[in-house]
Amino acid sequence: MNSRRSFLKASMLGAGVCAFGPSFDALGAGAGGNSFPKRFVFMRVGNGVWPEKLSLPTFSDDLKEKDANKQALEVDLGKHELPDYLTCLNDHKEHMAILQGMSSRMSPNGHHSYQGVMGLFKTNEGAVSTLKRASIDYELAKLFPSPLGHVELSFASERKGIVDGWSVPAPYQKNFCYADPITAYNNLFQCVLDPESLKLDIEMFDHIRKTEIREVASVRGADKLAQENHVRTLDSIRKRNDELLKMSGKIASLMPDREMVYANGHDGAFSVDRQRAMAEILASILVTGLTNVVTYTIDNLDFHQTGLPGLEQSRIHNHTIGHGESVQGVDAGEIRKRVRVHHFNLMKTIVDRLKAHPEGSGTMFDNTMVMYFPEGGEKHHGNGIESPWVVMAGKNCNLDIVGRYVRFPALGTEGHQTLGNWYTSLLNAHGNPIKHYGDLDPTMTRMKLPQEGAIKRFLRA
Amino acid sequence: MKTPSAQVKKIAVQLAAAFILILPAQSMAADSFAVPEGVAKVMKKYCYECHGASWVEADVRLDVIATVSQDERIGLLEKVQEVLYLRRMPPKDELQLSQQHRDMVAGWIQSELAKAGRAEAFNQRMQSPRYANYVEHDKLFSGEYKDLKGFTYDRKWMISEFIFKEKMNALLRVGEAKRTSVNGKSEVVRGHALPSEIANPFLLPSQSGVRYYANSKMGSGHLMTMIGNSKYVSESMVNYLSGRYPDFLPSVRAIAETKSKHEAILKSRDLYLSNHIDRLCEDLYGGENEDWLPRYSKIEFKDVSGKGLMFTGDRAQKQFDSFRNSAEGRLIEMAFFRYADGAKGREELIRACEKYWFHLGLQSNQIESMVEKLQVNLEDFLTRSTTDREKRSSAWKLNTPDLKPGELAVVSATIKELRTKGMSYKALQKACMDHWKAGFEKALEESSPLKGELPRNIIVELYDKIYEREPSQSELAENQDLLLSYSSKMGVDDAITKLTQTLLLSSEFINRNEYGVGQADTYGRRMMSPRDASYAIAYALTDSSPDEQLARAAREGRLNTRDDYKREVERLLKDRSHVYIIDNVIQDLGGGDNITDQPVRKIRFFREFFGYYNALQVFKDQTRFGHTIGGTRERLIAEADLLVSHILENDRDVFKELLTTDKFYVYHNGDNEDVAALSNQLTEAYRYFQENHWREFKTPADLEKHKDFILKHGVPGLKSKSKRGEITKIDKDVFQLFINIMADYEKRFENGKNEHITPYSNTRDTWIGPKRSLTYPKMTGVLDHENVTHYYNIDPDHWDYPPVQPFELSHRKGVLTHPAWLQAFSQNAHTDPVTRGKWIWEKLLVGTIPDIPIGVEAQIPQDHTKTLRDRLASVTKAEMCWRCHQYMNPLGNAFEMYDDFGRYRTEEELEHPDNVIGKEEVKKRNVKTHPLQTINNGGVGQGERFFYKTLPVDTTGVLNGTGDSKLDGEVKDAPDLMDRLAASTKVRQAFIRYAFRYFMGRNETLSDSKTLMDADEAYLKSGGSFDAVVVSLLTSDSFIYRKQAEE
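What you are looking at is a predicted structure, and each value in this text was computed from that prediction instead of being measured.

Looking only at helices and strands, chain A has 14 helices and 14 strands in total. The C-alpha atoms of chain A give 22 Å as radius of gyration, which agrees with the globular expectation for 461 residues (23 Å, within 12%). When its C-alpha atoms are laid out on the principal axes, chain A stretches across 75 × 55 × 50 Å. Sequence-distant contacts, at least 24 apart, represent 70% of the contacts inside chain A between residues at least 6 apart.

Written out as C-alpha cells, the structure is:
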C-alpha cells in the first residue's frame, strides 16, 4: 500500500482541503469581503505544563497563597513581572493572557490526550471510532475559510512526512498533518514550487465540470438542483485554483527561505532548529493568507529534545524529563524550563512575524490569537485538574482577555471553568452560537454545579 | 385556548405596537401585496385572536402580512402552510377551519410561494424523515387508498457511509483474505473499517429511526473530501494494486511492472551510491579525486569535554542502540566503521569522519553536532559498536553486494558525465538519480506509448472497476483525449493515475441511480432498468454491489418481473455465506467480533430503529457507576445486536419478540457451544488442581509436574510470553499467573457457584494449551468487560454463569429494557423519561411532536428533595408544555424502574451534595486468598463512590394512542407497557411503516397504502416473519415502479 507521504502530493489543492468534512460548504467564502479574518494558532505541547511555573514572581504573599490554593484571582499583568518561562515575551506583555485553573478532564490526559484535548471527548488511543466531534481548531477554521482551510503541523513521536494528526475535521474522521519542515514546506507552498500540478488539477476539474453539466440536463426535480449545486462547487474550486495561482507571486515573496528550511529541517538537525523552521513556515502560511488556523504540536512525550542551550549534545527523551531524571547533572526541572523557554521563543517568532506585516491600519497580529497549552494537563501524568494556557492576542481580539493573569476556582467549586467553557467562549465570540462545546465534566455534573456555556467575563458586550 | 390575563395582554399589545413602530422603512413599503378577501376573512376569524394586533403568540403576527417585507412575508406564509398541513393550527381546543377554508388558504399560500420561487421548498421539507408520521396512519391502513398505484420517483440516491466503505474496500481490495470465524468456518468478512488515509464524507445522522434517506443530496463537502480520497485511491490502484494483482487493471500492469523494474534499479543504484560513492569516485579519479571535491577546511569546534550522550546504567546498551538507530547515529556509525581500522589514533579517526561528512555535503551545524558526539562518545562506539560490528556493518549495508553486471559501468559512466568540480558526494548522487529517473520516465513512455488499443483498454478497465459498467463510445473518446492530454504533461503512469482520480470524482461514483426504463404503463410508471434494479436490491439488503448471481440476472434479462425480484430477494435473505461487521465502532472497541452472517442491512434496520447504538454517545461517570466502564458499553451494544440477530434468525413473531422477550445475552458471544466448552474447560481445570492441592504449590517446580495436563487440557487465562503460547518450562511468571488465576477461580466458586463461572482471559493468542475457536475473542477483555453484568444488577463474582444464552432475566422485557437502549435515551447523570416517551410515541405509535418552541429553555429544575419524575412534572404541567409532554411523560415514566445506567431499581438516589449519606472508596475487587497471590486492582473504578438519600420510584404510566381500548390506559411499569404495546395492531403497523422508509429511502404516501397493507398481511400470514415483510416490500409497486420526477 502507498505510504501516506504520497497522499496529497500531487497538488496544492488536495493538501489544503482533503480533510474538510461535509460541513465545509462555504467554499471561497473567505475571498473578498471587507473585514479581515481572524487567525488562530494552537500550540500543543506534551509532558504537562506546571501551573506554578506560570505563576507571577511578584505576587504578594496573599496572592501567592490564593494562587497556590487554587482560589479565584485576576491581576493586571502590567503591574507584575513575568515568570522565567515567559520573559522573552516581555515586549508583548500587553497582548498576553495567562489562564490558570481550567480543567480538561473530559479529555484523556495522562501521557497522551490524542485528539481529546481539542475535541473534549475521551479517545481510545486516537481510534477513529472514538472521534466524537470536530475539534475546536476545525470549528474555528469553518468560521474563517481560507484557501488551505486548516493546517496541522506536528513533531509528535519523531515522525516525518504526512502522518495522522491530532485535530479532527468532522466526527469519526482523522486529520493528516505535516511532521517535518521540509515536507510541510514542499506541500504548503506547492503553488509556487510546483504550479504545473495545480494547472493539471484545473484541467481535471474543467473536464469533470463538462461532464456534470451534461448530467444537469438529464435529471429533474431535486436531483437537478443537487446537480446544479455540484457544478457550482466545481466552479468554486476552479475559482480558488485560479486564485492560488494568482497568489503565487505574493506567496513566493513571503515564504521562508528554502536554504533555511533545508538546513534546519532535516532529520539530523537539532530538534530546536527543526521546531524553529516549522514556526517560520507556520508564520508564513498565515501572512500569505493561505490559512487562518494552524495547530502546531511542538512536541509530545515520545519526542527527543536536541540542541537545548547548554545541553546541545544531549538527546533527551521527553518522557525521561517527565520522570524527573537528570541529564549531565542538569536536573529535570531545569531541562523542563529550557524546553519551555524555547517554546515561548517559538511563540515570539510567530508574534513578531505577524506584527511585521501590516493589515488595515495595524498589523496581522491585531487579528490573531496564538495559544500555548498542554495536551495532557498539569504534569507529566496529568489528570486534567488543571490545564494552563498562555495566550497572545492582538488588539482586535474578540475576547476580553489580554493583559491579565486569571485563575479560576478549582474543579468542583462554584465558578470553575473547563476547557469546554473556554472553547465555547472562542466559538461564541467568533460567530458560532453553540450552547456548549465538548463533553461535560463528571465532577461538576455530580456536584450539580453549572458548567455549560461561555466564560461570560471574556465576552465583549 | 385560555385567554391571557389582561395585564399580560396589555403589555403584549404595547410591545406589538412598539414593534410595528420600529419596523424599518422597507418593511412598511407597500409592494402592492394584497390578501384576497376570502382568505383575509378566514384568517381574521381563526388566526388573529392569537396572532393579531391584540396578542402575538410565538412572535407570529399575521394581520400585518400585507405590509411587511417580501422576505418576512415568505417566512410567515411558509409557517402558516406548514401548520395548516400538519393540522397543528388552530389548536385542537379552538374553533377549527372547514376543509374548504383550509384548502382555500393553502391554495392561496401555494400560489404566492410559487410567485416567489419557493413552491418546492415545502414539498422538499415534507420529504425529510421528521415529517413522515404526518401521513395519517388510519388512512394508510384503512383500505380506502389501496387502489392507488404505488411508485417512487426516478432518483439519484447518494451512497451511504456504509456503501462508500464497501466501494472503497472493494477498489482497494481490503479484507479479501479469508479468516476462520463462527464455528471454525472459513469465510470472508466484509465491512472492514476504511484505511486511515480515507475520510468518509457520507456519514449518516446519528438519530434513531431511519437514517439513510434518498433526499440527502451531495454538497460541496462531499466533493472536497473526495478530492483527498481520490488521490490516495488512484495512486494505490495504479501504482500498487495493478502491480500486485494480475487481474487488477491488466493493461496498466505492464506499465506498472516496467516502472517497478525501474524503481528497483534506481533503488539499488541509490543504495550503492549511499554506501560507496566515495570509494567509487576514488577508484574512478584516483589521486585526483580530492581535486573534484569541495575544498575541505578543518572546522574549529569548541571544547566539548563533559558534554555528550549519557549511556549509563542497566539501560546503557539500549540507549546507545536507540541513538545509533537515529538518523544522526546512523551517519556517525557509518563513518566510524569506515575509518576505525585505518586511523592512527583518536584524533585522526575523528578528523577522517569529519572530512567524510564534509565531502558528503552535510550542513556544518550537523557536522559539528556529529563530531562533538563522536568526540564525547567515542568510547561507546569503540566498545559497544565493535562487539556487534559484523552484524551492524551488514545492517548499514557497508558490505552491499556489487551491482548487477553492467550496472557498475552505467553508474561510473554517469558519474563521469555529470560530475563537476566542487560537487559534494550527496549533490553528485542526487544529480545521478535525477538523471536516471528522467531517463526511465522517457523510456517508459517510449516502451508503453498510449497508442493503439492501450488507452481504450485502460479506460474500459477503469470503468469496470470504478463504475462497474462499460463506457459508452463518447465516454471512451473523451477520456482517451483526456488521458493523452495528461500524458503530454506528465509521465504515463501519472497520467493514468490522474485519469483514475478524474473518474473517482464524478458524481456517478457517489450516487446510485434508480430510473425507470421502457414503455410507461397507463399510470405513467416504468419498471426500473434491470441494472438499476440489481443495485437497488443489493443495497436494500447489503452494502455491496450486486453479487455475481444478481448481476448476471440483470445482464441476462432475468430481472424484469416481480417474480424475478422475489427470487433474488429471497435468495439473498437466505444467504449465510458472507459475514459482515455490523459496526466498526463496536468492532474496534468491544474487544471482539460484532459480526453477522445475515444480510447486514436487515439487522441494521432494527439497531437504527431502536437507536441503542447511541449509548456510546452519552458520557457516563464511572464513579457513579461504581465499576470501571471501559469497554463494557461497547459489549452492551454488541450483545443488544446479538439479541436482535437471534430474534431475526428465528424469524417468528419478530416485532412482538423484540418488544417483550425476557431472554438476554450477558457477557456472551452468541455461540452456546463455544462458551459452554470454555466454561467446562475452566471448571475442569479448577477441579483438577483442587484435587491436586494447588494451594500447597510453592515453586514453579510444583506446577511443572502438571505440565502435561496444562498442555493437553489448558487452563483458561494461563498464558506465556511467547506470541503463540508455546511453553518449554513453567517459569516463575507462568507460575505466578497460575496462582492468581486459581485464586480467582476459587474465590468465584466459593461464592456459591455450582456449575460455571464467568469465563475470562487476557490474551487468547498466548494461552497455553488448547484454545477455543476464533469467536472466542469476544470473551476477552479481562476484568473490565465483566462489569457489563452490573448493568443487569448481576455481580460477576457471585454469578452462576449461564453458558447457554439468551437466558431469562427478571424485571426486563424487550429491547426497550435493555441497558443499551436505556443508556442511549438517558442524560449524563440521570434518566430521560421525555426522550424515552418521545421515542415510543413517534416510533411505535407513529405520533408527532413539534419542535421545542423557540425561546423555551427545556430544563428540569433542581430540587434535591424530589425524584426526577416529580421535578419533570413540576415543569411540564404548564398548559403550553403539557400540550406535547402529555404524549411523552406518561410513557417514559414507566422506565423510571431503571436508572440511567439501565440498572433495575426500586429507589431513586437523590444525587446532590446535600443528600450524601455516606461514601467509600470503591471496594477492592480482588482479595488475597493465597500467600503468593499478587493483586491487580487496575480494573476497579476510581475514586470515591457517594451514597445519597433515596425516594421510592413511581413506575406507573399511561398508554394512550394504540386506538385499542383494551390496551390503552394506566400501566404499572415498563414490562406492563411493553406487553400492551406488543399486542397493538397499530404498533405492528408502525414497524411496517418504518421498514418501508428504511428500504425505500423515503416517506410513505397514500399511494403506498397497498404496499404497506400487503407487507402487514405478509407478516401476519407468515407468523411474524420479518423476511416476509422484506420480500413484500421489495417486490411491491412502490419499489419496482418509477415515475419521472416533476420539473
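Our next topic: the overall build of chain B. From N to C terminus, chain B includes 45 helices and 17 strands. Among the 1047 residues that make up chain B, the fraction classed as buried is 41%. Counted over contacts in chain B with a minimum sequence separation of 6, partners at least 24 positions apart contribute 72%.

Residue and element names in this part refer to chain B. You can see R601 is positioned in helix α28 (residues 600–610). Classification of R601 by C-beta neighbours within 10 Å gives buried; the count is 21. In sequence terms R601 and G361 are 240 residues apart; their C-alpha atoms lie 61 Å from each other. If we skip the residues at most four places from it in the chain, R601 touches A540, L541 and T542.

What follows covers the confidence of the model for chain A. Here chain A averages 87 in pLDDT, and 92% of its residues register 70 or above. Every residue in residues 1–34 of chain A scores below 50 in pLDDT, and together they form 105 contacts with partners more than four places removed in sequence or on other chains.

Here the focus is the sheet that holds strand β6 (residues 526–527) of chain B. Residues and elements named next belong to chain B. In spatial order, the strands read β1-β17-β6; together these three strands make up an open sheet with mixed pairing. The sheet terminates laterally at β1 (152–153) and β6, the two strands that pair on one side only. Two strands pair when backbone bridges link them, and β1 and strand β17 (residues 1041–1043) are joined in this way by two bridges, in the parallel orientation. Within β17, the position partnered with T152 by the bridge is R1042.

If you check helix α22 (residues 492–504) of chain B, its first and last C-alpha atoms are 19 Å apart, about what 13 residues at 1.5 Å a residue would give, namely 18 Å. Of all 13 residues in α22 of chain B, 13 are buried, a share of seventy percent or more.

What follows concerns helix α26 (residues 562–574) of chain B. Residue and element names in this part refer to chain B. Across its 13 residues, α26 extends 18 Å between first and last C-alpha, which sits within 8% of the 18 Å expected from 1.5 Å per residue. Here α26 has its buried residues at Y565, E568, V569, L572 and L573. One side of α26 holds all its buried residues, which, seen down the axis, span an arc of 135°. Away from its buried face, by an angle of more than 90 degrees, α26 presents the exposed residues D563 and K574. Those residues of α26 that are buried lie in contact with α24 (530–541), α25 (548–555), α44 (1026–1034) and α45 (1037–1040).

Residue and element names in this part refer to chain A. Within strand β3 (residues 96–100), five of the five residues are buried, which leaves the element mostly enclosed by the surrounding structure. The pairing of β3 with strand β13 (residues 389–393) spans four bridges and is antiparallel. Residue pairing for β13: A97 is matched across the bridge by V391. Sheet topology places β3 next to strand β14 (residues 404–407); four bridges connect them, and they run parallel. If you follow A97 over to β14, its bridge partner there is R404.

What follows concerns the packing of α24 of chain B against α25 of chain B. All names here are of chain B. Relative orientation of the contacting elements α24 and α25 amounts to 155°, with a least axis distance of 8 Å. In terms of orientation, α24 and α25 fall into the roughly antiparallel class. The element α24 and its partner α25 pack so that their crossing is right-handed. In this structure, α24 contributes P530, R531, A533, S534, I537 and A538 to the contact, and α25 contributes L550, A551, A553 and A554. Residue composition of the contact of α24 with α25, by class: eight nonpolar, one polar and one charged.

Time to look at the packing of helix α3 (residues 37–46) of chain B against helix α6 (residues 99–115) of chain B. Residue and element names in this part refer to chain B. Relative orientation of the contacting elements α3 and α6 amounts to 120°, with a least axis distance of 10 Å. Taken as axis vectors, α3 and α6 run oblique relative to one another. Here the hand of the crossing between α3 and α6 comes out left-handed. Two secondary-structure elements touch here, α3 through G38, V39 and V42 and α6 through H101, M104, V105 and W108.

Let us look at unusual backbone geometry. All names here are of chain B. Omega for the bond connecting Q805 with P806 falls within 30 degrees of zero, at 5°, which places this linkage in the cis form. Relative to the helices and strands, P806 is located in the loop between α36 (782–786) and β10 (807–808). For D653, which is not glycine, the phi torsion reads 45° and is therefore positive. Examined against the element boundaries, D653 turns out to sit in the loop between α30 (632–650) and α31 (654–660).

Definitions and cut-offs
- Residues numbered from 1 in each chain as written.
- Chains lettered and ligands numbered in written order.
- Predicted model: local features only at pLDDT ≥ 70, side-chain atom pairs only at ≥ 80, totals over all residues.
- Helix = DSSP H or I, 4+ residues; strand = E, 2+ residues; numbered from the N terminus.
- Rg over C-alpha atoms; globule rule 2.2 N^0.38 Å.
- Contact = placed C-beta atoms within 7 Å.
- Buried ≥ 20, exposed ≤ 12 C-beta atoms within 10 Å, placed from the backbone.
- pLDDT = per-residue confidence, 0-100.
- Pairing = 2+ DSSP bridges.
- Expected span 1.5 Å × (residues − 1).
- Arc of directions from axis to C-beta.
- Axes fitted to C-alpha atoms, helices over the stretch in contact; angles between N-to-C directions.
- Parallel < 35°, antiparallel > 145°, perpendicular 65-115°, else oblique.
- Left-handed = near helix turned anticlockwise from the far one by under 90°.
- Nonpolar A, V, L, I, M, F, W, Y, C, P; charged D, E, K, R; others polar.

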